[in-house]
Amino acid sequence: MATSVPSGIPDALQARRWQTVLDSARDAIISIDADGRISLFNRAAETMFGWRAAEILGQNVALLMPSPYQEQHDDFLRRYRETGEAKAIGRIRFVEAKRRSGAVFPIELSVSEARVADDVVYSAIIRDVSERVRLQSALGERLRQQESLAELGVAAVQDGSPTILDEAARRLADGLGTDVSGVFERLPAETTLRLRAGVGWPSGAIGSLEMTAADTGVDAAMTEAEAQAPHVPGALRDLGAVAALSVPVGNAEQPLGLLVVGSRQARVFEAHDVAFARTMAGLLAGALSLEQAGHALRRERDFASGLVETAPVIVTVLDPTGHIEWFNPHLEHLSGRCLEHCWGRDWFEVFIPPREHERARSRFARSLAGHSRRGTVEAMLTRDGHERLIQWHDTVLPDGGGGMRGVLAIGLDVTDRSRAEQDLQQRQRLADIGALVTRIVHDIANPLAGLSMLAQRVLRRVERAPTEPVRSVGDAARQMVETAHRLERLVGEFKDFAREQRLHLEALDVRRFLEETAAFWRLEAGARGIDLQVQSILEPLTLRGDADKLRRVLDNVIKNALEAVGEAPGRVRLGACRTDGNRLRLSVRDTGPGVPANVDPFSLFETSKPSGTGLGLPVSKQIVLAHGGGMTLAADRPLGTVCTIELPLDGPAV
Amino acid sequence: MVPLDCNVMRVLLVDDESSFRSALAGALEDDGHPVSAFGSVEEVPDLTTLADVAVLVTDYDLPGRSGFDLADRLHATFPEIPVIVVTAYRNETVEGAAAIRGHLHVLDKPLDYETVHALLHRLTSVH
């Protein structure tokens, strides 16, 4: 044989290296033999399943599956051996697996088959996707909760009827996915609360069941801390609840009552659950104060003033010509505009972006004609020039004489929700494109490899015999090799794009991260006569993020900035600051000519540069989105472009 | 089996991209290495008739059986022959399969002739 390696040693060496590779893999890797017995179980598999390799080697792999797969797996294996009909082999499947504790969790599974001599080995690469699944369902739940609030908000404002309480109780239980919910009213001048509406109570309880304020778990001040660390009131414990959430209705000094939900399964109420309950309480407070104020108040001009001062929805009244009669404090707060300054002004001129004027007016006309708007989402302008997305529900206000005196519009701010949806959609789209790119890259890379190798061979032959007649052939070959290299780099960029964005999070010192990145680019900046600096960062900031991937983002943005400035003397500035308490804002400003108006720099393959692939920014944005952040590019004042990257300091939310 | 001079080793080359196969085979032959080249695993004859093979260079993604299958088949008989797997698209399946086998060299396509040549040299002449 063509090797002089002494037998014995390399096997041991190879085995050890092999083991190291396996153990450093992040995915669980499990091999089984033809009978389903486990022959390999790497370290990631130990962590994922809770079994030690030593305990599980030799056992049937069905042990790692929940019913009914556990019972069926031997049959699958046999059928595959007999018919070659594969269910799992050669594709990625989403299935469930079982930990040692019995807990079932979702996985992504890919199985391959190998033959060693006459033996068959099936190897599976397994990824735990429970986090991803949880994230998706949490987002879905939040969207449902907001729908629910919008509908209740409309009901609350349109009629203060007693059914609003039943409605609220039902939606509260649905929105939080709990078994028990209750709306308790505080009896005036007493420390007792009475159940007015609810879900999951025994018959007769509603209207009669009472509990003392002391047993509510919410103290007199009804502090937020109480809602976060819930106590289960006795009345709910009697129904078997083991976890509860209580939120006061109305202001803390003079609460009108209490919203309570209970769960028979142990669970933690997340921040968004608490926010949902609190918003619902706000709506109810509005409805209840309306009810207490009586019908007279609702009938006439004073209608507006008694309405939902506290509700976290927009309430606005327009006359039939679209002029502002009234809006509530929530809109003042959201838009930065005072009712005093807006009263009598044209709604559309004040609040609607000019490009939407025509559409908004025609929708308003339709509302007046009786086709009320339900759930349409429209852009609204704030005083400082930002746009919010508002979901509107309209109702025509009759004037009592068969005509109308205007339109009541209820709006819910869905900006954040839309942004979350768009980001999710964009991630999905990028993933789809990634799959397509994978195929294309594969199809291109193979012939390109052939072309490149042919050119290299010609060049080598010519270089070995550099006589005059072949010199021109050599030049041609050299050009072919260079062209092939350029194509190879392009293919490489596509590969980078298609690669999955899995993050390896670590704590990063923001200042050092920026300084190091800037230092890397300073040479090139200097050669172009561009001054590249990191602006002073006021406080020490630590970011949880993937250093390599974020470095790629910054590299891309800085490279773009340098190319934008070109050869002319100019400046590029990197900055960082904390915003909204928990977010980091990174900015890269250049003094170049700005982004052309007709190019969306984040859409794939768009580029304003003659040599760009149009992949740099989409890939960067993909990375930022995966971190739970956002990325924008805008004109800077007085000139140039500013690229802003916002990231949660604590890393992507789970 | 006669031990070959390290500079004259037979390379078993399997790749379904004919331009790549013929160019790499040609370049290796220019450097004096005999090459047996095939377009698929199924075309490779009984391995015992290729006893002078010193190294296997195979594409991963082949029609029919994969390059890994061929590596497994080869190693069942000649466990010490080094294997270089070339792939146009390195993904987790490839990396996982390589990790499971451990002792394979994976190179990305397109590739530089000098890289292959240097690796072949290293694999067959270090001992």
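Residues numbered from 1 in each chain as written. Chains lettered and ligands numbered in written order. Predicted model: local features only at pLDDT ≥ 70, side-chain atom pairs only at ≥ 80, totals over all residues.

Asker: Just to check I follow, could you spell out helix H1 (residues 18–30) of chain B for this structure?
Answerer: Given 3.6 residues to a turn, an α-helix orients residues that are three or four positions apart in the same direction. Residue and element names in this part refer to chain B. Taking 1.5 Å as the rise per residue, H1 with 13 residues should run 18 Å; its terminal C-alpha atoms sit 18 Å apart, in good agreement. Listed as buried for H1 are Phe20, Arg21, Ala23, Leu24, Ala25, Ala27 and Leu28. Note on H1: the residue one or two positions beyond its end, Gly32, has a positive phi of about 90°. (Helix = DSSP H or I, 4+ residues; strand = E, 2+ residues; numbered from the N terminus. Expected span 1.5 Å × (residues − 1). Buried ≥ 20, exposed ≤ 12 C-beta atoms within 10 Å, placed from the backbone.)

Asker: Can you help me understand the environment of Arg93 of chain A in this one?
Answerer: Along the chain, Arg93 of chain A turns up in strand S3 (residues 92–98). Once the C-alpha coordinates of Arg93 of chain A and Ile126 of chain A are considered, the two residues, 33 residues apart in sequence, prove to be 9.9 Å apart.

Asker: In this structure, what is going on with the sheet that holds strand S8 (residues 210–212) of chain A? I would like to understand it.
Answerer: Within a beta sheet, neighbouring strands are joined by backbone hydrogen bonds and run either parallel or antiparallel to one another. Residue and element names in this part refer to chain A. Strand order in the open sheet formed by five strands is S8-S7-S6-S10-S9, and the pairing between neighbours is antiparallel. Looking at which strands have only one partner, the edges of the open sheet turn out to be S8 and strand S9 (243–249). Adjacent strand axes in the sheet meet at a mean angle of 30°, parallel and antiparallel pairs treated alike. Alignment of strand S6 (residues 180–186) against strand S7 (residues 192–199), held across six bridges, turns out to be antiparallel. Counterpart to Val183 in the pairing with S7 is Ala197. Each of S6, S7 and strand S10 (257–263) touches helix H6 (residues 163–176); the most contacted strand, S7, lies at about 70° to it. (Pairing = 2+ DSSP bridges. Axes fitted to C-alpha atoms, helices over the stretch in contact; angles between N-to-C directions. Contact = placed C-beta atoms within 7 Å.)

Asker: Is there a simple way to explain the nonpolar core in this structure?
Answerer: When a protein is soluble and globular, its nonpolar side chains tend to lie buried together. Ile30 of chain A together with Val55 of chain B are the most contacted members of the largest nonpolar core, which has 77 residues in total. When residues of this core are sorted by domain, at least three fall in each of domain 1 (14–128) and domain 4 (419–498) of chain A. Apart from residues no more than four positions distant in its own chain, Val55 of chain B is found in contact with Met9, Val11, Ile81, Pro82, Ile84, Leu120, Leu123 and Thr124 of chain B. Within the second largest apolar cluster, 34 residues are counted, among which are Ala168, Phe184, Val261 and Met280 of chain A. (Core = buried A, V, L, I, M, F, W, Y, C linked by C-beta atoms within 7 Å. Domains from an automatic or database assignment.)

Asker: How should the pairing of strand S4 (residues 83–87) of chain B be read in this particular structure?
Answerer: For a regular strand, side chains alternate in direction, first toward one face of the sheet and then toward the other. Residues and elements named next belong to chain B. The buried count for S4 comes to five of five residues, which makes it a mostly enclosed element. In S4, alternate side chains face the same way, and those of Val83, Val85 and Thr87 on one face and Ile84 and Val86 on the other are all buried. Bridge count between strand S3 (residues 53–59) and S4: four bridges; the pairing is parallel. Across the sheet, the residue bridging to Thr58 is Val85, located in S4. Handedness of the crossover joining S3 and S4 through helix H2 (residues 67–77) is recorded here as right-handed. Note that S4 and strand S5 (residues 105–108) share four bridges and pair parallel. By the bridge assignment for S5, Ile84 is matched with His105. (Right-handed = clockwise from strand over helix to strand, strands pointing away.)

Asker: Just to check I follow, could you spell out the pairing of strand S22 (residues 641–648) of chain A for this structure?
Answerer: All names here are of chain A. Of the two faces of S22, the one holding Thr641, Cys643, Ile645 and Leu647 is buried and the one holding Val642, Thr644, Glu646 and Pro648 is not buried anywhere. The sheet contact formed by strand S20 (residues 583–590) and S22 spans eight bridges and is antiparallel. By the bridge assignment for S22, Arg589 is matched with Val642. Direction of pairing for strand S21 (residues 630–635) relative to S22: antiparallel, over a ladder of six bridges. Looking at S22, one finds that Met631 is bridged to Ile645. From the end of S21 to the start of S22, which pair antiparallel, there are five residues, and Gly640 there has a positive phi angle of about 95°.

Asker: I'm lost on unusual backbone geometry in this one. Help?
Answerer: The phi angle of most residues is negative, glycine excepted, and most peptide bonds adopt the trans form. Look at the link from Ser67 of chain A to Pro68 of chain A: it is a cis peptide, with omega at 0°. Here Pro68 of chain A is to be found in the loop between helix H3 (53–56) and helix H4 (69–83).

Asker: Help me understand the confidence of the model for chain B in this model?
Answerer: Low-confidence regions, as indicated by low pLDDT, have predicted coordinates that should not be scrutinised in detail. All names here are of chain B. Per-residue pLDDT for chain B has a mean of 82; in total, 90% of the residues score no lower than 70. Across chain B, strand S2 (residues 35–38) holds the top mean pLDDT of 93, while helix H3 (residues 92–101) sits lowest at 75. With pLDDT under 50 throughout, residues 1–6 is counted as low confidence; its partners more than four residues away or in other chains account for ten contacts. Interface predicted TM-score (ipTM) for the complex: 0.78; the corresponding pTM is 0.40. (pLDDT = per-residue confidence, 0-100.)

Asker: Before we go on, may I ask you to explain the packing of helix H18 (residues 547–565) of chain A against helix H19 (residues 616–626) of chain A in this structure?
Answerer: Each pair of packed helices can be summarised by the angle the axes make with each other and by the distance between the axes. Residue and element names in this part refer to chain A. One can describe the packing of H18 onto H19 by two numbers: an axis separation of 9 Å at closest approach and a directional angle of 145°. Of the two elements, H18 crosses H19, and the hand of that crossing is left-handed. Residues Lys549, Leu550, Arg552, Val553, Asn556, Val557 and Asn560 of H18 touch H19, and the partners they reach there are Gly616, Leu617, Ser620, Ile623 and Val624. A per-class count over the contact of H18 with H19 returns six nonpolar, four polar and two charged. (Left-handed = near helix turned anticlockwise from the far one by under 90°. Nonpolar A, V, L, I, M, F, W, Y, C, P; charged D, E, K, R; others polar.)

Asker: Could you clarify how one ought to interpret the packing of helix H17 (residues 510–527) of chain A against H18 of chain A in this entry?
Answerer: Residue and element names in this part refer to chain A. Between H17 and H18, whose axes approach to 11 Å, the crossing angle comes to 25°. The angle between H17 and H18 places the two elements in the roughly parallel class. Pair H17 / H18 crosses with right-handed handedness. Touching Thr517, Trp521, Glu524 and Ala525 of H17 are Arg551, Leu554, Asp555, Ile558 and Leu562, all from H18. Its residues assigned to classes, the contact of H17 with H18 comprises five nonpolar, one polar and three charged. (Parallel < 35°, antiparallel > 145°, perpendicular 65-115°, else oblique.)

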